[in-house]
Amino acid sequence: MLAYALRRVAASIPVILAATFVVFILVSLTGNPVDRLRLLDPPPPPEVLAAEEHRLFIDQPLLTRYWLWLSGILRGDFGPSADQYLQIGPEVFSRFAVTFRLVLLAMLVALVLAVIVGVISAVRQYTVIDYTSTFFGFLFLAMPSFWLAVLLKEGGVFANNNLGATVFYTVGESSVVVEGGFLERFLDGLGHLILPTIALALISFASWSRYQRASMLEVLNSDYVRLARAKGLRWRKVMTRHALRTALIPLVTITALDLANIIGGAVVTETVFQWRGAGRLLLDAIRARDVHVVMAWLLVASVAVVLFNLLADLLYAKLDPRIRYD
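None of these values were measured; they are calculated from a predicted model.

**As for the overall build of the chain**
- For the chain, the helix and strand inventory stands at 13 helices and zero strands.
- Ordering the α and β elements of the chain from the N terminus gives α-α-α-α-α-α-α-α-α-α-α-α-α.
- Summarising its shape, the C-alpha atoms of the chain cover approximately 85 × 60 × 40 Å along the three principal directions.
- The 326 residues of the chain split such that 45% are buried.
- A sequence separation of at least 24 residues applies to 75% of the contacts in the chain between residues at least 6 apart.
- Of the roughly 18100 Å² of accessible surface on the chain, a fraction of 67% belongs to carbon and sulfur atoms.

**A look at the packing of helix H5 (residues 88-123) against helix H11 (residues 259-273)**
- Relative to each other, H5 and H11 sit at 120°, their axes nearing to 10 Å. Here H5 lies oblique to H11, going by the angle between them. Crossing geometry of H5 relative to H11 is assigned as right-handed. The residues of H11 that touch H5, namely those facing Thr99, Phe100, Leu102, Val103 and Met107, are Leu259, Ile262, Ile263, Ala266, Thr269 and Glu270.

**Quick word on a nonpolar patch on the surface**
- A contiguous nonpolar surface patch, about 430 Å² in accessible area, is contributed by Leu108, Val112, Ile116, Ile120 and Ile129.
- The element best represented in the nonpolar patch is H5, accounting for four residues.
- The topology assignment puts Ile116 in helix H5.

**Quick look at the packing of helix H1 (residues 2-28) against helix H13 (residues 291-319)**
- Relative to each other, H1 and H13 sit at 155°, their axes nearing to 10 Å. The orientation of H1 relative to H13 falls into the category roughly antiparallel. The two elements H1 and H13 meet at a crossing, and its hand is right-handed.
- Of the residues assigned to the contact of H1 with H13, the class counts are 17 nonpolar, six polar and two charged.

**Some remarks on the environment of Glu47**
- Structurally, Glu47 is set in helix H3 (residues 46-55).
- Residues Glu47 and Ala201 lie 154 residues apart in sequence; the distance between their C-alpha atoms is 51 Å.

**Some thoughts on the pattern of salt bridges**
- Taken as a whole and assessed by the stated rule, the structure comprises 10 salt bridges.
- Two residues, Arg8 and Asp313, come together in a salt bridge whose shortest N-O distance is 1.7 Å. Of this pair, Arg8 sits in helix H1 while Asp313 sits in helix H13; the two residues are 305 residues apart in sequence, bridging distant segments of the chain.
- If you follow the salt bridges from partner to partner, you end up with Asp35, Arg38 and Glu53 in one network.

**A look at the nonpolar core**
- If you look at the biggest cluster of nonpolar residues, it comprises 63 residues, and the most contacted ones within it are Phe24, Val92, Phe96, Val103, Leu200, Trp208 and Trp297.
- The contact partners of Val92, leaving out residues within four places of it in the chain, are Leu281, Ala296 and Val300.
- Grouped together as the second largest cluster of nonpolar side chains are 12 residues, Ala122, Val219, Ala228 and Ala247 included.

**A word on helix H10 (residues 235-257)**
- Relative to the 33 Å expected for 23 residues at 1.5 Å per residue, H10 spans 32 Å between its end C-alpha atoms, a close match to the ideal helical length.
- For H10, the complete set of buried residues consists of Val238, Met239, Ala243, Thr246, Ala247, Leu248, Ile249, Leu251, Val252, Ile254, Thr255 and Ala256.

**Re a positive patch on the surface**
- A cluster of basic residues, Arg234, Arg236, Lys237, Arg241 and Arg245, forms a positive patch on the protein surface.
- On the secondary structure map, Arg241 appears in helix H10.
- For Arg241, a relative accessible area of 53% corresponds to the exposed category.

**Overview of the side chain of Asn309**
- With respect to the helices and strands, the residue Asn309 is situated in helix H13.
- With residues up to four places along the chain from it excluded, the contact list for Asn309 reads Arg8, Ala256 and Leu257.

**Description of helix H8 (residues 182-220)**
- With 39 residues, H8 extends just 47 Å between its outermost C-alpha atoms, more than 12% less than the 57 Å of an ideal straight helix rising 1.5 Å per residue.
- Approximately 35° is the largest bend angle found in H8, and it occurs at Ile194, with the proline Pro196 only one to four residues beyond.

**Things to note about the confidence of the model for the chain**
- Residues at a pLDDT of 70 or more form 94% of the chain, whose mean pLDDT is 85.
- Across the chain, H5 holds the top mean pLDDT of 92, while helix H7 (residues 145-163) sits lowest at 77.

**Quick look at unusual backbone geometry**
- Unusually for a residue other than glycine, Phe57 sits at a positive phi of about 65°.
- Looking at the element boundaries, Phe57 is found in the loop between H3 and helix H4 (62-74).
- Judged by its relative accessible area of 22%, Phe57 falls in the partly exposed class.
- One non-glycine residue, Gln274, adopts positive backbone phi at about 60°.
- Relative to the assigned elements, Gln274 resides in the loop between H11 and helix H12 (278-287).
- Of the residues examined, Gln274 reaches a relative accessible area of 43% and is grouped as partly exposed.

What counts and how
Residues numbered from 1 in each chain as written. Predicted model: local features only at pLDDT ≥ 70, side-chain atom pairs only at ≥ 80, totals over all residues. Heavy atoms only, no water. Helix = DSSP H or I, 4+ residues; strand = E, 2+ residues; numbered from the N terminus. Buried < 20%, exposed > 50% of the residue type's maximum accessible area, 1.4 Å probe, protein only. Contact = heavy atoms within 4.5 Å. Areas by Shrake-Rupley, 256 points an atom, 1.4 Å probe, with all protein chains shown as cover. Axes fitted to C-alpha atoms, helices over the stretch in contact; angles between N-to-C directions. Parallel < 35°, antiparallel > 145°, perpendicular 65-115°, else oblique. Left-handed = near helix turned anticlockwise from the far one by under 90°. Patch = residues over 30% accessible without salt bridge, like charges linked within 9 Å, V, L, I, M, F, W, Y side chains within 5 Å. Salt bridge = Lys/Arg side-chain N within 4 Å of Asp/Glu carboxyl O. Nonpolar A, V, L, I, M, F, W, Y, C, P; charged D, E, K, R; others polar. Core = buried A, V, L, I, M, F, W, Y, C linked by side-chain atoms within 4.5 Å. Expected span 1.5 Å × (residues − 1). Lys, Arg positive; Asp, Glu negative; His and termini not counted. Charge placed at Lys NZ, Arg CZ, Asp CG, Glu CD. Bend = angle between axes of the 7 residues up to and from the residue. pLDDT = per-residue confidence, 0-100.

So this is what it looks like as C-alpha coordinates:
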(Lines give C-alpha, C1' and ligand atoms only; values in the text may rest on other atoms or scores of the structure.)
Protein backbone atom coordinates (compact mmCIF):
# COMPACT_ATOMS: atom_id res chain seq x y z
CA MET A 1 0.00 0.00 0.00
CA LEU A 2 2.91 2.33 0.72
CA ALA A 3 4.32 1.76 -2.77
CA TYR A 4 0.91 2.55 -4.25
CA ALA A 5 0.65 5.76 -2.24
CA LEU A 6 4.10 6.87 -3.38
CA ARG A 7 3.20 6.16 -7.02
CA ARG A 8 0.02 8.20 -6.68
CA VAL A 9 1.88 11.14 -5.16
CA ALA A 10 4.52 10.99 -7.91
CA ALA A 11 1.84 10.88 -10.61
CA SER A 12 0.15 13.94 -9.08
CA ILE A 13 3.23 16.15 -9.29
CA PRO A 14 2.96 16.79 -13.08
CA VAL A 15 -0.73 17.61 -12.66
CA ILE A 16 0.02 20.18 -9.95
CA LEU A 17 2.83 21.69 -12.04
CA ALA A 18 0.57 22.00 -15.08
CA ALA A 19 -2.16 23.65 -12.98
CA THR A 20 0.26 26.13 -11.42
CA PHE A 21 1.73 26.99 -14.83
CA VAL A 22 -1.65 27.73 -16.42
CA VAL A 23 -2.84 29.80 -13.43
CA PHE A 24 0.46 31.71 -13.28
CA ILE A 25 0.15 32.71 -16.94
CA LEU A 26 -3.52 33.69 -16.64
CA VAL A 27 -3.06 35.76 -13.48
CA SER A 28 0.10 37.41 -14.84
CA LEU A 29 -1.73 38.48 -17.99
CA THR A 30 -4.48 40.25 -16.02
CA GLY A 31 -2.27 43.27 -15.40
CA ASN A 32 0.64 44.80 -13.57
CA PRO A 33 0.26 45.12 -9.76
CA VAL A 34 2.60 48.14 -9.85
CA ASP A 35 0.03 50.09 -11.85
CA ARG A 36 -1.83 50.92 -8.64
CA LEU A 37 1.20 52.92 -7.52
CA ARG A 38 1.04 55.00 -10.70
CA LEU A 39 -2.46 56.14 -9.70
CA LEU A 40 -1.18 57.82 -6.54
CA ASP A 41 -1.12 61.59 -6.40
CA PRO A 42 1.70 62.36 -6.76
CA PRO A 43 2.97 59.08 -8.28
CA PRO A 44 6.30 57.64 -7.08
CA PRO A 45 9.46 58.42 -9.07
CA PRO A 46 10.15 56.15 -12.07
CA GLU A 47 13.13 54.56 -10.33
CA VAL A 48 10.89 53.51 -7.42
CA LEU A 49 8.42 51.91 -9.82
CA ALA A 50 11.25 50.15 -11.64
CA ALA A 51 12.63 48.84 -8.34
CA GLU A 52 9.19 47.51 -7.37
CA GLU A 53 8.80 45.75 -10.72
CA HIS A 54 12.25 44.22 -10.25
CA ARG A 55 11.32 43.03 -6.73
CA LEU A 56 8.19 41.33 -8.11
CA PHE A 57 10.07 39.87 -11.13
CA ILE A 58 7.75 41.79 -13.48
CA ASP A 59 10.69 43.02 -15.53
CA GLN A 60 11.43 39.38 -16.48
CA PRO A 61 9.80 37.27 -19.24
CA LEU A 62 6.81 35.16 -18.18
CA LEU A 63 8.61 31.83 -18.35
CA THR A 64 11.52 33.23 -16.35
CA ARG A 65 9.11 34.57 -13.75
CA TYR A 66 7.45 31.16 -13.44
CA TRP A 67 10.83 29.45 -13.05
CA LEU A 68 11.88 31.93 -10.37
CA TRP A 69 8.67 31.20 -8.48
CA LEU A 70 8.99 27.42 -8.89
CA SER A 71 12.64 27.33 -7.85
CA GLY A 72 11.76 29.46 -4.81
CA ILE A 73 9.04 26.96 -3.82
CA LEU A 74 11.63 24.19 -3.78
CA ARG A 75 13.58 26.28 -1.25
CA GLY A 76 10.49 27.03 0.83
CA ASP A 77 10.16 30.60 -0.50
CA PHE A 78 6.71 31.52 -1.85
CA GLY A 79 8.02 34.64 -3.54
CA PRO A 80 7.49 38.37 -2.94
CA SER A 81 4.04 39.84 -2.46
CA ALA A 82 2.69 43.08 -3.90
CA ASP A 83 2.29 44.03 -0.25
CA GLN A 84 5.93 44.29 0.79
CA TYR A 85 5.02 43.76 4.46
CA LEU A 86 3.24 40.44 3.78
CA GLN A 87 5.06 37.15 4.39
CA ILE A 88 3.22 34.87 1.97
CA GLY A 89 4.04 31.48 3.54
CA PRO A 90 2.96 32.15 7.14
CA GLU A 91 -0.05 34.19 5.98
CA VAL A 92 -1.35 31.52 3.61
CA PHE A 93 -0.94 28.69 6.11
CA SER A 94 -2.61 30.66 8.91
CA ARG A 95 -5.54 31.57 6.65
CA PHE A 96 -5.95 27.99 5.44
CA ALA A 97 -5.97 26.81 9.07
CA VAL A 98 -9.13 28.90 9.49
CA THR A 99 -10.67 27.71 6.22
CA PHE A 100 -9.93 24.01 6.71
CA ARG A 101 -11.56 24.21 10.11
CA LEU A 102 -14.77 25.18 8.34
CA VAL A 103 -14.31 22.81 5.39
CA LEU A 104 -13.57 19.70 7.46
CA LEU A 105 -16.42 20.29 9.90
CA ALA A 106 -18.86 20.97 7.04
CA MET A 107 -17.74 17.80 5.26
CA LEU A 108 -18.16 15.76 8.45
CA VAL A 109 -21.67 17.10 9.03
CA ALA A 110 -22.62 16.58 5.38
CA LEU A 111 -21.24 13.02 5.37
CA VAL A 112 -23.06 11.97 8.53
CA LEU A 113 -26.35 13.43 7.31
CA ALA A 114 -25.91 11.99 3.82
CA VAL A 115 -25.26 8.47 5.12
CA ILE A 116 -28.19 8.55 7.55
CA VAL A 117 -30.68 10.08 5.13
CA GLY A 118 -29.45 8.05 2.15
CA VAL A 119 -29.67 4.73 3.97
CA ILE A 120 -33.08 5.44 5.47
CA SER A 121 -34.42 6.63 2.09
CA ALA A 122 -33.16 3.45 0.42
CA VAL A 123 -34.56 1.13 3.07
CA ARG A 124 -37.88 3.03 3.12
CA GLN A 125 -38.07 3.49 -0.64
CA TYR A 126 -41.21 5.21 -1.97
CA THR A 127 -42.45 6.14 1.50
CA VAL A 128 -43.15 9.55 2.99
CA ILE A 129 -39.61 9.61 4.41
CA ASP A 130 -38.12 8.92 0.99
CA TYR A 131 -40.23 11.56 -0.75
CA THR A 132 -39.49 14.13 1.97
CA SER A 133 -35.74 13.61 1.78
CA THR A 134 -35.90 13.80 -2.02
CA PHE A 135 -37.79 17.09 -1.86
CA PHE A 136 -35.34 18.74 0.51
CA GLY A 137 -32.39 17.28 -1.36
CA PHE A 138 -33.43 18.89 -4.62
CA LEU A 139 -34.39 22.08 -2.77
CA PHE A 140 -30.88 22.53 -1.36
CA LEU A 141 -29.34 21.54 -4.68
CA ALA A 142 -31.25 24.35 -6.36
CA MET A 143 -30.07 26.96 -3.84
CA PRO A 144 -26.99 29.03 -4.70
CA SER A 145 -24.48 28.75 -1.87
CA PHE A 146 -24.20 32.53 -1.38
CA TRP A 147 -27.99 32.89 -1.15
CA LEU A 148 -28.28 30.13 1.46
CA ALA A 149 -25.44 31.73 3.44
CA VAL A 150 -27.19 35.13 3.33
CA LEU A 151 -30.48 33.58 4.47
CA LEU A 152 -28.79 31.88 7.43
CA LYS A 153 -26.91 35.04 8.34
CA GLU A 154 -30.06 37.18 8.28
CA GLY A 155 -31.88 34.49 10.26
CA GLY A 156 -29.10 34.53 12.86
CA VAL A 157 -29.30 38.33 13.15
CA PHE A 158 -33.09 38.10 13.50
CA ALA A 159 -32.81 35.48 16.26
CA ASN A 160 -30.21 37.54 18.14
CA ASN A 161 -32.32 40.72 17.96
CA ASN A 162 -35.52 39.02 19.13
CA LEU A 163 -34.03 37.02 21.96
CA GLY A 164 -31.87 39.88 23.20
CA ALA A 165 -28.78 37.69 23.40
CA THR A 166 -26.21 36.33 21.00
CA VAL A 167 -27.48 32.96 19.81
CA PHE A 168 -25.69 32.75 16.47
CA TYR A 169 -22.52 34.65 15.61
CA THR A 170 -22.88 36.10 12.12
CA VAL A 171 -19.61 38.03 11.63
CA GLY A 172 -16.04 36.79 11.80
CA GLU A 173 -14.44 33.47 12.70
CA SER A 174 -14.00 34.49 16.35
CA SER A 175 -14.73 37.38 18.67
CA VAL A 176 -12.22 40.22 18.87
CA VAL A 177 -11.87 39.83 22.63
CA VAL A 178 -12.67 36.60 24.45
CA GLU A 179 -12.46 36.62 28.22
CA GLY A 180 -11.59 33.36 29.93
CA GLY A 181 -9.50 30.31 29.21
CA PHE A 182 -9.41 27.54 26.63
CA LEU A 183 -13.03 26.48 27.14
CA GLU A 184 -14.35 30.00 26.56
CA ARG A 185 -12.24 30.40 23.40
CA PHE A 186 -13.36 26.98 22.15
CA LEU A 187 -17.05 27.77 22.70
CA ASP A 188 -16.62 31.15 21.02
CA GLY A 189 -15.01 29.57 17.96
CA LEU A 190 -17.70 26.89 17.88
CA GLY A 191 -20.40 29.55 18.03
CA HIS A 192 -18.94 31.31 15.00
CA LEU A 193 -18.77 27.98 13.14
CA ILE A 194 -22.44 27.03 13.37
CA LEU A 195 -24.04 29.10 10.60
CA PRO A 196 -21.16 28.91 8.06
CA THR A 197 -20.93 25.15 8.60
CA ILE A 198 -24.67 24.71 8.00
CA ALA A 199 -24.49 26.85 4.86
CA LEU A 200 -21.56 24.89 3.44
CA ALA A 201 -22.75 21.44 4.57
CA LEU A 202 -26.33 21.57 3.27
CA ILE A 203 -25.30 22.02 -0.37
CA SER A 204 -22.95 19.02 -0.24
CA PHE A 205 -25.37 16.94 1.82
CA ALA A 206 -28.08 17.40 -0.80
CA SER A 207 -26.10 15.72 -3.56
CA TRP A 208 -24.25 13.21 -1.38
CA SER A 209 -27.47 11.84 0.10
CA ARG A 210 -28.76 11.12 -3.42
CA TYR A 211 -25.59 9.22 -4.26
CA GLN A 212 -25.82 7.28 -1.02
CA ARG A 213 -29.47 6.39 -1.65
CA ALA A 214 -28.78 5.15 -5.19
CA SER A 215 -25.73 3.17 -4.07
CA MET A 216 -27.61 1.61 -1.17
CA LEU A 217 -30.50 0.57 -3.39
CA GLU A 218 -28.10 -1.12 -5.78
CA VAL A 219 -26.37 -3.02 -2.98
CA LEU A 220 -29.63 -4.09 -1.33
CA ASN A 221 -30.73 -5.65 -4.60
CA SER A 222 -27.43 -7.48 -5.13
CA ASP A 223 -27.09 -11.27 -4.97
CA TYR A 224 -24.67 -11.43 -2.03
CA VAL A 225 -27.04 -9.46 0.20
CA ARG A 226 -29.89 -11.81 -0.70
CA LEU A 227 -27.59 -14.76 0.04
CA ALA A 228 -26.66 -13.32 3.42
CA ARG A 229 -30.32 -12.96 4.28
CA ALA A 230 -31.05 -16.49 3.04
CA LYS A 231 -28.37 -17.82 5.40
CA GLY A 232 -30.33 -16.41 8.30
CA LEU A 233 -28.09 -13.47 9.19
CA ARG A 234 -29.78 -10.72 11.13
CA TRP A 235 -30.93 -7.72 9.12
CA ARG A 236 -28.85 -5.30 11.19
CA LYS A 237 -25.71 -7.36 10.64
CA VAL A 238 -26.36 -7.60 6.91
CA MET A 239 -26.85 -3.84 6.72
CA THR A 240 -23.77 -2.80 8.70
CA ARG A 241 -21.20 -5.47 7.74
CA HIS A 242 -22.19 -6.15 4.15
CA ALA A 243 -24.49 -3.62 2.52
CA LEU A 244 -23.42 -0.32 4.10
CA ARG A 245 -19.67 -0.85 3.74
CA THR A 246 -19.95 -1.54 0.04
CA ALA A 247 -22.46 1.26 -0.50
CA LEU A 248 -20.07 3.77 1.05
CA ILE A 249 -17.48 3.39 -1.73
CA PRO A 250 -19.27 5.66 -4.28
CA LEU A 251 -19.87 8.23 -1.54
CA VAL A 252 -16.17 8.23 -0.60
CA THR A 253 -15.34 8.80 -4.28
CA ILE A 254 -17.71 11.71 -4.76
CA THR A 255 -16.62 13.27 -1.46
CA ALA A 256 -12.98 13.24 -2.53
CA LEU A 257 -13.85 14.71 -5.92
CA ASP A 258 -15.99 17.41 -4.31
CA LEU A 259 -13.26 18.77 -2.04
CA ALA A 260 -12.23 21.37 -4.60
CA ASN A 261 -15.86 22.50 -4.94
CA ILE A 262 -16.22 22.70 -1.17
CA ILE A 263 -13.10 24.85 -0.88
CA GLY A 264 -14.58 27.09 -3.58
CA GLY A 265 -17.85 27.20 -1.64
CA ALA A 266 -15.90 28.14 1.48
CA VAL A 267 -14.60 31.21 -0.36
CA VAL A 268 -18.19 32.37 -0.87
CA THR A 269 -19.27 31.44 2.65
CA GLU A 270 -16.32 33.23 4.24
CA THR A 271 -17.12 36.33 2.22
CA VAL A 272 -20.73 36.39 3.43
CA PHE A 273 -19.80 35.83 7.08
CA GLN A 274 -16.72 38.11 6.85
CA TRP A 275 -14.14 35.56 7.89
CA ARG A 276 -10.42 36.27 7.59
CA GLY A 277 -9.74 32.95 5.98
CA ALA A 278 -8.14 31.72 2.78
CA GLY A 279 -11.15 32.82 0.75
CA ARG A 280 -10.74 36.48 1.61
CA LEU A 281 -7.00 36.21 1.05
CA LEU A 282 -7.60 34.85 -2.45
CA LEU A 283 -10.11 37.54 -3.40
CA ASP A 284 -7.84 40.31 -2.11
CA ALA A 285 -4.89 38.86 -4.02
CA ILE A 286 -6.89 38.64 -7.25
CA ARG A 287 -8.02 42.25 -6.92
CA ALA A 288 -4.43 43.36 -6.29
CA ARG A 289 -3.09 41.10 -9.10
CA ASP A 290 -0.76 39.61 -6.49
CA VAL A 291 0.42 36.63 -8.52
CA HIS A 292 2.57 34.95 -5.88
CA VAL A 293 -0.19 34.98 -3.25
CA VAL A 294 -2.63 33.44 -5.75
CA MET A 295 -0.04 30.81 -6.64
CA ALA A 296 0.61 29.95 -3.00
CA TRP A 297 -3.14 29.64 -2.41
CA LEU A 298 -3.52 27.34 -5.43
CA LEU A 299 -0.55 25.21 -4.39
CA VAL A 300 -1.87 24.58 -0.88
CA ALA A 301 -5.37 23.84 -2.18
CA SER A 302 -4.02 21.50 -4.88
CA VAL A 303 -1.91 19.53 -2.43
CA ALA A 304 -4.91 19.21 -0.10
CA VAL A 305 -7.08 17.86 -2.93
CA VAL A 306 -4.38 15.37 -4.01
CA LEU A 307 -3.86 14.07 -0.46
CA PHE A 308 -7.59 13.81 0.17
CA ASN A 309 -8.10 11.80 -3.03
CA LEU A 310 -5.22 9.55 -2.01
CA LEU A 311 -6.85 9.01 1.38
CA ALA A 312 -10.11 8.11 -0.36
CA ASP A 313 -8.34 5.50 -2.51
CA LEU A 314 -6.76 3.95 0.57
CA LEU A 315 -10.15 3.80 2.29
CA TYR A 316 -11.48 1.61 -0.51
CA ALA A 317 -9.37 -1.29 0.76
CA LYS A 318 -10.81 -0.85 4.26
CA LEU A 319 -14.41 -0.76 3.03
CA ASP A 320 -14.12 -3.62 0.52
CA PRO A 321 -11.74 -6.51 1.38
CA ARG A 322 -11.66 -7.50 -2.31
CA ILE A 323 -9.65 -4.36 -3.14
CA ARG A 324 -5.89 -4.77 -2.78
CA TYR A 325 -3.03 -2.38 -3.55
CA ASP A 326 -0.11 -4.71 -4.16
